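What follows is the residue order along each chain.
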Amino acid sequence: MVTSTRSRVLEIISMLFVVIMITKIGHVSADLGACPKCGSLQVPYPFSTDDSCGDPRYKIYCNNGNELQFMSAEGFKYKILSIDSSANKLIIHPPDFLVENNTPTCYSSDLSSQGLRLDEHLPFNISTRNTVMLFNCSDNILLSPLNCSSNSFCRQFEDKIEACRGTLCCHFLKDSHMTSYMIRVRLGGCTAYTSVVDIRPQDPVDNWNYGIELQWLPPN
């Protein structure tokens, strides 16, 4: 009877040891899955900045070890401002306005790529919380349902960019009825844009949350 009890105790201890080891191995595996911090930003799984970490479908870039960047389908890179892994969302910096001969223009720096376009085969899309403002537009834009009136949010912003002041501009909320993979600019259309996440029109323009919010599907 004593021998049987002792064997049972040893069996329970062995099982507990196995459970503890499996838990530790699981934690180590999770740690190996996450990429190192880049600058001030953590790089949570599934993002990958290197072949040795993360999921390659969620590729982003750590530029010079201090700036995280997201690359569009056209190869243009945008600075990542924040990552919210609990909501599966990240915010990238809108393109700058080009400067030529020390003079600001009303052209977005990604104009040569015709704006932001995401790879539809990757697990990212543009969220519906972005208010996009378009500048220096042709008259054809007036045939669209966009808000190009004197009350458009773009009129509040245009004073920040002198070169865009007085041009035909419009704004729209990037809703579910529009393509969630592109914000388009082009010569002959609109040549510049910016975006605000969760816009609060009553706030001063300088306090708006400038950015383009993207969301991603979690790994299968």
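Residues numbered from 1 in each chain as written. Predicted model: local features only at pLDDT ≥ 70, side-chain atom pairs only at ≥ 80, totals over all residues. Heavy atoms only, no water.

(A) Geometry of the sheet that holds strand β10 (residues 124-126). Ordered in space as β3-β4-β5-β6-β15-β10, the 6 strands form an open sheet in which the pairing is antiparallel. Strands with a single pairing partner mark the edges of an open sheet, and in this sheet they are β3 (61-63) and β10. Within the sheet, the average angular offset between the axes of one strand and its neighbour, ignoring direction, is 45°. (Pairing = 2+ DSSP bridges. Helix = DSSP H or I, 4+ residues; strand = E, 2+ residues; numbered from the N terminus. Axes fitted to C-alpha atoms, helices over the stretch in contact; angles between N-to-C directions.)

(B) Geometry of the state of the cysteines. Under the criterion given, the structure shown has 6 disulfides. Sulfur-sulfur distance for the disulfide between C38 and C62 comes to 2.1 Å. The S-S bond linking C38 to C62 shows a torsion near 95°; that makes this disulfide right-handed. Note that C38 is positioned in strand β1 (residues 35-38) and C62 in strand β3, a separation of 24 residues in sequence. The exposure class assigned to C62 is partly exposed, which follows from its relative accessible area of 30%. Across the chain, the way the bonded cysteines pair up, counted in sequence order, is 1-3, 2-4, 5-9, 6-12, 7-11, 8-10. (Disulfide = S-S within 2.5 Å. Buried < 20%, exposed > 50% of the residue type's maximum accessible area, 1.4 Å probe, protein only.)

(C) Inspection of the side chain of K174 at higher detail. The residue K174 is located in the loop between β12 (170-173) and β13 (182-184) in this model. It turns out K174 is buried and unbridged, and the closest side chain with the opposite charge, D175, is 8.1 Å from it. Among the polar contacts listed, one links the side chain of K174 to the backbone oxygen of M182, at a separation of 2.4 Å. (Lys, Arg positive; Asp, Glu negative; His and termini not counted. Salt bridge = Lys/Arg side-chain N within 4 Å of Asp/Glu carboxyl O. Polar contact = N/O pair within 3.5 Å; in protein donor to acceptor, adjacent residues only side chain to side chain.)

(D) Summary view of the pattern of salt bridges. Taken as a whole, this structure holds 9 salt bridges when the rule is applied. Between R129 and D198 there is a salt bridge; the shortest N-O distance is 2.2 Å. Taken together, the residues span a long stretch of sequence, with R129 in the loop between β10 and β11 (130-137) and D198 in the loop between β14 (190-197) and β15 (212-216) at a distance of 69 residues. On the basis of relative accessibility, which here comes to 31%, the residue R129 falls in the partly exposed class. When its relative accessible area of 42% is taken as the criterion, D198 is described as partly exposed. The salt bridge involving D203 is made with R200; its shortest N-O contact spans 3.0 Å. Overall, the relative accessible area of 23% leaves D203 in the partly exposed class. A relative accessible area of 47% means that R200 is categorised as partly exposed. Three or more residues joined by partner-sharing salt bridges are found here, namely K89, R129, D198 and E213.

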